[in-house]
Amino acid sequence: MSLVVRNPPRAPLAHADALAALGVATVHEAQDRTGLLDPALRPVYPGARVCGTAVTVSVPPGDNWMIHVAVEQCRPGDLLVVAPTSASAAGYVGELLATALAARGVRGIVIDAGCRDVAELRAMGFPVWARHVSAYGTVKETLGDVNVPLVCAGRLVTPGDPVLADDDGVVVVPRARARDVIDASHARETKEETSRARYRAGALSLDTGTMRERLAAKGLTYRDHAEAED
């Protein structure tokens, strides 16, 4: 049975906006290095950063029918997360679907398959993270699911989860943990700013990170060049 779930609970958009301001690397580290999707998913143009609440779409290989079904379920602030049931390099989404999604306030697409019309997407300012860029077309023959939990690029995504994407990749934050992850990310940023100020002043990470003792315990030794030649 194929299923479309209407109106799943979503994380507050305030949480998605806060995560977008932080970035993928910070959020991934702050939630104990979890949630990162396969790094093979890359932005189709550089510089984009978005976070939206997931509308999930499970699609058959080479068939984008359920993406058209999913458009109706989207709200402002959502991000479409698409995963085929088996690997496919077909171009599932392009300018036309992006136009329909943008009109509903969707912030972008993450797809573990292909997209096309990259120049048009760039001109629209509509970001897509995809495994492939491919002009190969799709059909509309077979059903799938919308707004059910799915695995996209190796990570479980539940409808309504905040999904953050930028030049560093894509990370999913479980909806119930979003507030705690935001707080942990801010704490990490504060710590990094302190380190940044020290490095600008000439400090070495070997010292500020108390690495020397650990390196020595692992057996690292130093010799001057003349001594090393003896």
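Above this note sits the structure.
Rules used throughout
Residues numbered from 1 in each chain as written. Predicted model: local features only at pLDDT ≥ 70, side-chain atom pairs only at ≥ 80, totals over all residues. Heavy atoms only, no water. Helix = DSSP H or I, 4+ residues; strand = E, 2+ residues; numbered from the N terminus. Buried < 20%, exposed > 50% of the residue type's maximum accessible area, 1.4 Å probe, protein only. Contact = heavy atoms within 4.5 Å. Areas by Shrake-Rupley, 256 points an atom, 1.4 Å probe, with all protein chains shown as cover. Lys, Arg positive; Asp, Glu negative; His and termini not counted. Charge placed at Lys NZ, Arg CZ, Asp CG, Glu CD. Right-handed = clockwise from strand over helix to strand, strands pointing away. Pairing = 2+ DSSP bridges. 1 Å grid on protein atoms, 1.4 Å probe; cavity = no way out; pocket = protein on both sides within 12 Å on 5 of 7 lines; lining within 4 Å. Points joined across faces, edges and corners; volume = space filled by probe spheres on them. Nonpolar A, V, L, I, M, F, W, Y, C, P; charged D, E, K, R; others polar. Arc of directions from axis to C-beta.

(A) Fine view of the overall build of the chain. On a plain count of helices and strands, the chain comes out with nine helices and eleven strands. Projected onto its principal axes, the C-alpha positions of the chain cover 75 × 40 × 35 Å. Relative to its full complement of 230 residues, the chain shows a buried share of 45%. Looking at the chain alone, contacts between residues at least 24 apart form 76% of all its contacts between residues at least 6 apart. Carbon together with sulfur atoms contributes 53% to the accessible area of the chain, which is approximately 11,800 Å² in total. In the chain, which carries 25 positive and 28 negative side-chain charges, the distance between the mean positions of the two groups comes to 4 Å.

(B) Examining the pairing of strand β3 (residues 78-84) more closely. Of all seven residues making up β3, seven are buried, and the element is well covered by its neighbours. Side-chain alternation along β3 places Asp-78, Leu-80, Val-82 and Pro-84 on one buried face and Leu-79, Val-81 and Ala-83 on a second face that is also buried. Considered for its hand, the β-α-β crossover made up of strand β2 (residues 50-59), helix α3 (residues 65-71) and β3 is right-handed. Here β3 pairs with strand β5 (residues 109-115) via three bridges, running parallel. Note on β5: the bridge partner recorded for Leu-80 is Ile-109.

(C) Structural detail: the layout of surface pockets. Its boundaries defined by the atoms lining it, the largest pocket holds a volume of some 210 Å³. Sorting the residues of the lining of the largest pocket by element identifies β4 (91-93) and α4 (95-103) as the ones contributing at least two each. Grouping the constituent residues of the lining of the largest pocket by class yields four nonpolar, six polar and four charged. In this structure, the second largest pocket encloses a volume near 150 Å³. Lining the second largest pocket are Lys-191, Ser-195, Arg-198, Tyr-199, Ser-205, Thr-208, Gly-209 and Met-211. Looking at the lining of the second largest pocket, the elements that each hand over two or more residues are α6 (178-200) and α7 (205-208). Looking at side-chain class alone, the lining of the second largest pocket contains two nonpolar, four polar and two charged residues.

(D) Quick peek at α4. Within α4, the full set of buried residues consists of Leu-97, Ala-98 and Leu-101. Each buried residue of α4 sits inside an arc of 100° when the element is viewed along its axis, so together they form one side. Away from its buried face by more than 90 degrees, α4 exposes Leu-96 and Ala-103. Two residues or fewer past α4, Gly-105 is found with a positive phi of approximately 85°.

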